[in-house]
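Topology and contacts: notes
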Amino acid sequence: DAVLAHMCPIYLVLAAPLAKLRGVPSILWYTHWAVHGTLRLAMALCDAALSVDLRSLPIASPKVRGIGHGIDLAQFPVRTSVPDSGPLRLLSLGRTSPTKGFATLVEACGRLKRDGVEFTCGLYGPSTTDEERRHRVELRRLIEDGQLGDEVALHEAVPRGAVSDLIHSADVVVNTHGGGLDKVVYESAACAVPVMACHPGFDGFLGGLPVELLFESGNADDLARVIRGFAAAEASSREAAGIELRRRVAAGHSVDTWADGVVASVRRLRS
C-alpha cells in the first residue's frame with residue numbers, strides 16, 4: 001500500500017501524517033515549473049517524489065526519480081498516412097497564456113515568410129482567464145502586424161477526442177513552452193509526428209534524430225532556423241524521426257511504463 005498524490009501537493013500534506021502513523025509510504029507525482037510553499041512542505045513530508053525527469057520537478061532532492069510521462073498510446077495512435085506535399089503544416093497546442101510562448105512562434109513565422117518558406121500554422125487553445133484572453137488579443141494583433149493572416153490562424157481548442165486527428169494533419173508540432181516538459185510533446189510523438197520543443201529537459205528525447213527538433217526557448221530566430229531546416233529535410237528523414245519518437249514514447253512514456261515506475265518506487269520504499 002502507498003499514498004500517491006498526483007499533481008496536488010496539498011493532498012500529500014493532508015495524508016502524510018496519517019500515512020506515517022500507519023507505516024504507509026507517501027509519494028508525490030509532480031511536473032510543473034512553479035514552486036510554492038505547499039510544494040516545499042509536500043517535498044519535506046513525502047518519502048519519494050516522482051516526475052517525468054529529474055529536471056521537471058523544480059525542487060532538487062535525492063527523493064526525486066524520473067519515470068517518464070504516462071501517455072495512453074490507444075488515444076494517440078500512429079497516423080496511417082502522411083499529409084500530401086504542399087506548404088509545410090505547423091501546429092501548436094496550448095492555452096493562450098504568455099508562458100506558452102505562442103508569440104515566439106508567430107514571430108518565427110514572420111521570419112519564415114520573409115525568407116520565402118511556404119507554410120501554414122495553426123494555433124489551437126482555450127483562453128480561460130483574463131490574462132489568457134488579453135494575450136489572445138495580443139496574438140491576433142501580432143499576426144495582423146506581421147501580415148500573416150494567410151499563413152497563421154488562431155483557433156479555439158478542439159475536444160480532447162479530436163486532438164490526435166489534429167496532430168495527424170500536421171507535418172510538425174511546435175511546442176514553445178519553455179517552463180516544463182509539456183505533455184503534448186509526448187502525445188504528438190506517440191502519433192509518430194515530429195515535434196519541436198525548447199525545454200532543455202527534452203534534449204535526450206528529441207536528440208539523435210535525422211532532423212533537428214530542439215530550439216532555444218524564446219528565440220524566434222533559432223526557431224525559424226530549425227523550421228527552415230525541417231522544411232528542407234527529405235520526407236524519409238521526417239518520417240524516420242516520427243517513427244523513432246513513437247518508439248521512444250512506447251519504451252519510456254506510456255501508461256504501462258509509468259505504472260511500472262510507480263510500482264517499482266513503492267517496492268523500493270517498502271523494502
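Calculation criteria
Residues numbered from 1 in each chain as written. Predicted model: local features only at pLDDT ≥ 70, side-chain atom pairs only at ≥ 80, totals over all residues. Heavy atoms only, no water. Helix = DSSP H or I, 4+ residues; strand = E, 2+ residues; numbered from the N terminus. Buried < 20%, exposed > 50% of the residue type's maximum accessible area, 1.4 Å probe, protein only. Axes fitted to C-alpha atoms, helices over the stretch in contact; angles between N-to-C directions. Parallel < 35°, antiparallel > 145°, perpendicular 65-115°, else oblique. Left-handed = near helix turned anticlockwise from the far one by under 90°. Contact = heavy atoms within 4.5 Å. Nonpolar A, V, L, I, M, F, W, Y, C, P; charged D, E, K, R; others polar. Expected span 1.5 Å × (residues − 1). Patch = residues over 30% accessible without salt bridge, like charges linked within 9 Å, V, L, I, M, F, W, Y side chains within 5 Å. Areas by Shrake-Rupley, 256 points an atom, 1.4 Å probe, with all protein chains shown as cover. Salt bridge = Lys/Arg side-chain N within 4 Å of Asp/Glu carboxyl O. 1 Å grid on protein atoms, 1.4 Å probe; cavity = no way out; pocket = protein on both sides within 12 Å on 5 of 7 lines; lining within 4 Å. Points joined across faces, edges and corners; volume = space filled by probe spheres on them.

**Regarding the environment of Ala251**
Assignment of secondary structure puts Ala251 in helix 8 (residues 235-252). Residue Ala251 is classed as exposed on the basis of its relative accessible area of 52%. Separated by 183 residues in the primary sequence, Ala251 and Gly68 have C-alpha atoms spaced 9.6 Å apart.

**Points about the packing of helix 1 (residues 9-21) against helix 2 (residues 37-45)**
The interhelical angle for the contact between helix 1 and helix 2, taken along N-to-C directions, is 30°, at an axis separation of 8 Å. When the axes of helix 1 and helix 2 are compared, the pair comes out roughly parallel. Judged by the sense of rotation from one axis to the other, the crossing of helix 1 with helix 2 is left-handed. Two secondary-structure elements touch here, helix 1 through Pro9, Ile10, Leu12, Val13, Ala16 and Lys20 and helix 2 through Thr38, Leu39, Leu41, Ala42 and Leu45. Taken together, the residues of the contact of helix 1 with helix 2 break down into nine nonpolar, one polar and one charged.

**Some remarks on helix 9 (residues 255-270)**
Relative to the 22 Å expected for 16 residues at 1.5 Å per residue, helix 9 spans 23 Å between its end C-alpha atoms, a close match to the ideal helical length. Against strand 1 (3-6), strand 2 (26-29), strand 3 (48-51) and strand 4 (64-66) lie the buried residues of helix 9.

**Things to note about a nonpolar patch on the surface**
Residues Ile10, Tyr11 and Leu14 make up a contiguous nonpolar surface patch of about 340 Å² in total accessible area. Note on placement: Leu14 falls in helix 1.

**Remarks on the layout of surface pockets**
In this model, the largest pocket occupies a volume close to 400 Å³. Lining the largest pocket are 18 residues; nearest its centre among them are Met7, Thr31, His69, Leu181 and Lys183. The residue makeup of the lining of the largest pocket, split by class, is five nonpolar, nine polar and four charged. Space inside the second largest pocket adds up to approximately 330 Å³. Per-element tally for the lining of the second largest pocket: the top contributor is helix 6 (residues 183-190), with three residues. When the residues that make up the lining of the second largest pocket are grouped by side-chain class, the tally is eight nonpolar, two polar and six charged.

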